[in-house]
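Examination of the molecular architecture
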Amino acid sequence: METSLNEIDDMIVHEKMQAALEYQNEAWADGMADGIEPEIIADAAIAHAIRETIRNRGEQGAEALLESLRERMLAGEFSPTRTLQ
């Protein structure tokens, strides 16, 4: 069976997301090991992400990202008790 270009693109995005999450987990662990509270690490990460999104996509792009994250949060996507089926 032939893999479509969209499927390949989706796989690449998924692999990049996994790599990015590994980098974030390492940075989080380093901050925690240095005694930085989780709330401070989270605030710094979110602020940096918003600044970079505004730089790359503008304020409307950042607003769209935040709305998407809000919807995903309310749907329970980020809940630590969420189970995937």
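For the structure, check the block above.
The rules behind the values
Residues numbered from 1 in each chain as written. Predicted model: local features only at pLDDT ≥ 70, side-chain atom pairs only at ≥ 80, totals over all residues. Heavy atoms only, no water. Helix = DSSP H or I, 4+ residues; strand = E, 2+ residues; numbered from the N terminus. Rg over C-alpha atoms; globule rule 2.2 N^0.38 Å. Buried < 20%, exposed > 50% of the residue type's maximum accessible area, 1.4 Å probe, protein only. Areas by Shrake-Rupley, 256 points an atom, 1.4 Å probe, with all protein chains shown as cover. Patch = residues over 30% accessible without salt bridge, like charges linked within 9 Å, V, L, I, M, F, W, Y side chains within 5 Å. Salt bridge = Lys/Arg side-chain N within 4 Å of Asp/Glu carboxyl O. Lys, Arg positive; Asp, Glu negative; His and termini not counted. Charge placed at Lys NZ, Arg CZ, Asp CG, Glu CD. Axes fitted to C-alpha atoms, helices over the stretch in contact; angles between N-to-C directions. Parallel < 35°, antiparallel > 145°, perpendicular 65-115°, else oblique. Left-handed = near helix turned anticlockwise from the far one by under 90°. Contact = heavy atoms within 4.5 Å. Nonpolar A, V, L, I, M, F, W, Y, C, P; charged D, E, K, R; others polar. Expected span 1.5 Å × (residues − 1).

Let us now look at the overall build of the protein chain. When helices and strands are tallied, the protein chain shows 2 helices and 0 strands. The C-alpha radius of gyration of the protein chain comes to 16 Å, more than 25% above the 12 Å expected for a compact globule of 85 residues. Overall size of the protein chain, expressed as C-alpha extent along the three principal axes, is 50 × 30 × 25 Å. In the protein chain, buried positions account for 7% of the 85 residues. If you sum the accessible surface of the protein chain, you get close to 7700 Å²; carbon and sulfur atoms cover 56% of it.

Here Glu63 lies in helix 2 (residues 38-74). In this structure Glu63 comes out as exposed when scored by relative accessible area, which is 56%.

Together, Glu22, Glu26, Asp30 and Asp34 line one region of the surface with negative charge. As for its position among the elements, Glu22 is in helix 1 (residues 5-33).

The geometry of helix 1 relative to helix 2 is characterised by a closest axis approach of 10 Å and an angle of 140° between their N-to-C directions. In terms of their interaxial angle, helix 1 and helix 2 are classed as oblique. For the element pair helix 1 and helix 2, the recorded crossing hand is right-handed. Packed against helix 1, whose contacting residues are Trp28, Gly31 and Met32, the element helix 2 presents Pro38, Ile41 and Ala42 at the interface. Class assignment of the residues belonging to the contact of helix 1 with helix 2 gives a composition of 5 nonpolar, 1 polar and no charged.

Our focus in this paragraph is the side chain of Thr53. If you trace the backbone, Thr53 turns up in helix 2. Contact partners of Thr53, with chain neighbours within four places excluded, come to Gly58, Gly61, Ala62 and Leu65.

Let's shift gears to the pattern of salt bridges. The final tally for this structure, using the stated rule, is 2 salt bridges. With a shortest N-O distance of 2.8 Å, Glu77 and Arg72 are connected by a salt bridge. In this structure Glu77 comes out as partly exposed when scored by relative accessible area, which is 31%.

Turning to helix 1, a few remarks are in order. For helix 1, built from 29 residues, the straight-helix expectation of 42 Å at 1.5 Å per residue is met to within 8% by its first-to-last C-alpha distance of 42 Å. Where helix 1 terminates, the next one or two residues include Gly35, which has phi positive at roughly 90°.

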